[in-house]
Amino acid sequence: KVGDPSGKDESRQLLDEATIQSNIDGISRVFSTFLDFDEDKAKIVNNADWLDALGYVEFLRTVGAVVTVNRMLSFESVKQRLGREQPLSFLEFNYMLLQGYDFLELYRREGVELQLGGSDQWGNIVTGVDLTRRVDEGKVVGLTAPLLQTADGRKMGKTADGAVWLAPEKLSPFDYWQFWRNADDADVIRFLKLFTELEVSAIDALESQLASETGPTFVNSLKRRLADECTTLL
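Residues numbered from 1 in each chain as written. Predicted model: local features only at pLDDT ≥ 70, side-chain atom pairs only at ≥ 80, totals over all residues. Heavy atoms only, no water.

On to the overall build of the chain. Looking only at helices and strands, the chain features twelve helices and two strands. Of the regular secondary structure in the chain, the N- to C-terminal order runs α-α-α-α-α-α-α-β-α-β-α-α-α-α. The principal-axis extents of the C-alpha atoms in the chain amount to approximately 65 × 45 × 35 Å. Within the chain, the proportion of its 234 residues that are buried is 29%. Considering only intrachain contacts with a sequence separation of at least 6, the fraction spanning at least 24 residues in the chain is 67%. Accessible surface computed for the chain: about 14,800 Å², of which carbon and sulfur atoms make up 52%. The averaged location of the 38 negative side-chain charges in the chain is 3 Å from the averaged location of its 26 positive side-chain charges. (Helix = DSSP H or I, 4+ residues; strand = E, 2+ residues; numbered from the N terminus. Buried < 20%, exposed > 50% of the residue type's maximum accessible area, 1.4 Å probe, protein only. Contact = heavy atoms within 4.5 Å. Areas by Shrake-Rupley, 256 points an atom, 1.4 Å probe, with all protein chains shown as cover. Lys, Arg positive; Asp, Glu negative; His and termini not counted. Charge placed at Lys NZ, Arg CZ, Asp CG, Glu CD.)

What follows concerns the environment of Lys223. Structurally, Lys223 is set in helix 12 (residues 217–233). At 2.9 Å, the side chain of Lys223 and the backbone oxygen of Ala183 are in polar contact. (Polar contact = N/O pair within 3.5 Å; in protein donor to acceptor, adjacent residues only side chain to side chain.)

In this section: the pattern of salt bridges. By the definition in use, this model includes 14 salt bridges. Salt bridges linked by common partners bring Glu105, Arg108, Arg109 and Asp136 together as one network. (Salt bridge = Lys/Arg side-chain N within 4 Å of Asp/Glu carboxyl O.)

What follows covers the pairing of strand 2 (residues 141–145). Pairing of strand 1 (residues 114–118) with strand 2, which is carried by five bridges, proceeds in the parallel orientation. From the neighbouring strand, Gly118 faces strand 2, where its bridge partner is Ala145. Tracing the backbone out of strand 1, into helix 8 (residues 122–136) and back to the parallel element strand 2 gives a crossover that is right-handed. (Pairing = 2+ DSSP bridges. Right-handed = clockwise from strand over helix to strand, strands pointing away.)

Turning our attention to the packing of aromatic side chains. Here the structure, examined in full by the defined rule, presents seven aromatic pairs. For the ring pair Trp180 and Phe195, a centre distance of 4.9 Å and an interplane angle of 50 degrees mean the geometry is tilted. Residue Trp180 is located in helix 9 (residues 173–181), and its partner Phe195 is located in helix 10 (residues 188–195); the two are separated by 15 residues in the primary sequence. Relative accessible area serves as the criterion here: at 4%, Trp180 is assigned to the buried category. An aromatic cluster of at least three residues, connected via ring pairs, comprises Tyr176, Phe179, Trp180, Phe191 and Phe195. Lys170 extends its terminal NZ or CZ atom over the ring of Trp165, reaching a point 4.8 Å from the ring centre. (Phe/Tyr/Trp six-rings, centres within 6.5 Å; stacked < 30°, edge-to-face > 60°. Lys NZ or Arg CZ within 6 Å of the ring centre and 35° of its normal.)

So, about helix 5 (residues 76–83). Note on helix geometry: an α-helix contains 3.6 residues per turn, so any two residues three or four positions apart are oriented the same way. Three or more residues of helix 5 are buried, namely Ser77, Val78 and Arg81. Along the axis of helix 5, the buried residues cluster in a sector spanning 95 degrees; they form a single face. At its buried positions, helix 5 is contacted by helix 4 (69–73), helix 6 (90–93) and helix 7 (95–110). The first or second residue beyond helix 5 is Glu85, which carries a positive phi of 55 degrees. (Arc of directions from axis to C-beta.)

Ranked by size, the top nonpolar core spans 17 residues in total, and within it Trp180, Val188, Ile189, Leu192, Leu222 and Leu226 carry the most contacts. Sorting the residues of this core by element identifies helix 9, helix 10, helix 11 (200–212) and helix 12 as the ones contributing at least two each. Top contributing element to this core by residue count: helix 12, with six residues. Other than its neighbours up to four places away in sequence, Leu226 contacts Trp180, Ala183, Val188, Phe191, Leu192 and Thr196. (Core = buried A, V, L, I, M, F, W, Y, C linked by side-chain atoms within 4.5 Å.)

So, on to a nonpolar patch on the surface. Taken together, the side chains of Ile27, Phe31, Phe34, Leu35, Ile44, Leu166 and Leu234 define a hydrophobic patch exposed on the protein surface, amounting to about 590 Å² of accessible area. Within the element layout of this structure, Ile27 appears in helix 1 (residues 17–34). (Patch = residues over 30% accessible without salt bridge, like charges linked within 9 Å, V, L, I, M, F, W, Y side chains within 5 Å.)

With their axes 10 Å apart at the nearest point, helix 10 and helix 11 run at an angle of 175 degrees to one another. Compared by their axis directions, helix 10 and helix 11 come out roughly antiparallel. Between helix 10, through Ile189, Leu192 and Lys193, and helix 11, the contact on the second element is made entirely by Val200, Ile203, Asp204, Leu206, Glu207 and Leu210. Residues of the contact of helix 10 with helix 11, tallied by class, amount to six nonpolar, no polar and three charged. (Axes fitted to C-alpha atoms, helices over the stretch in contact; angles between N-to-C directions. Parallel < 35°, antiparallel > 145°, perpendicular 65-115°, else oblique. Nonpolar A, V, L, I, M, F, W, Y, C, P; charged D, E, K, R; others polar.)

Don't take any of this as a statement about function, it's just geometry.
Encoded structure:
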């Protein structure tokens, strides 16, 4: 309902309730392929459960009193938009506060002490860490990982052009296989390590063999192996 401005030059399109629910259902189906939701081994929660009922003044008193505008302006997601003189709506400016508040509520409701995310979420996660420590004296931690990029420096993102969908109605199994088969030569070893369950020692051996090969035959066989492994996992 409020778009994350991180890495964006334009405001995200506001979605209606039906579209949001459809997205929730789709995401839930995708995660159920990989995670076991029985017996609370994994759980999907909806932050609308606490945000929709949150009074604005209550929110300002809880969050606004401990998060400074100076701090918010220091984060890259805000600095980049302002530096490029692209408009940043007050709605988007609130996103960092809302994600920070989510961490506080997850700590309170579910005992969540660790939030994982891509490096573009660093500012949002740190806001949640600071907020939880200040408001509830909660000891929580944020951990980010570098965004996945192709060899030419393009982000492999869920909303970027050519996004890789994990649902067959969005991307056919063949097209999913073909995506990995079309990986850049320079990416194939890295992708084997990141996206397959092959032993790292076995991939290192393949990398050594690749270094001594001439011609496209061997690297193409590695791309097919990558595509087979990734598609089999899904």
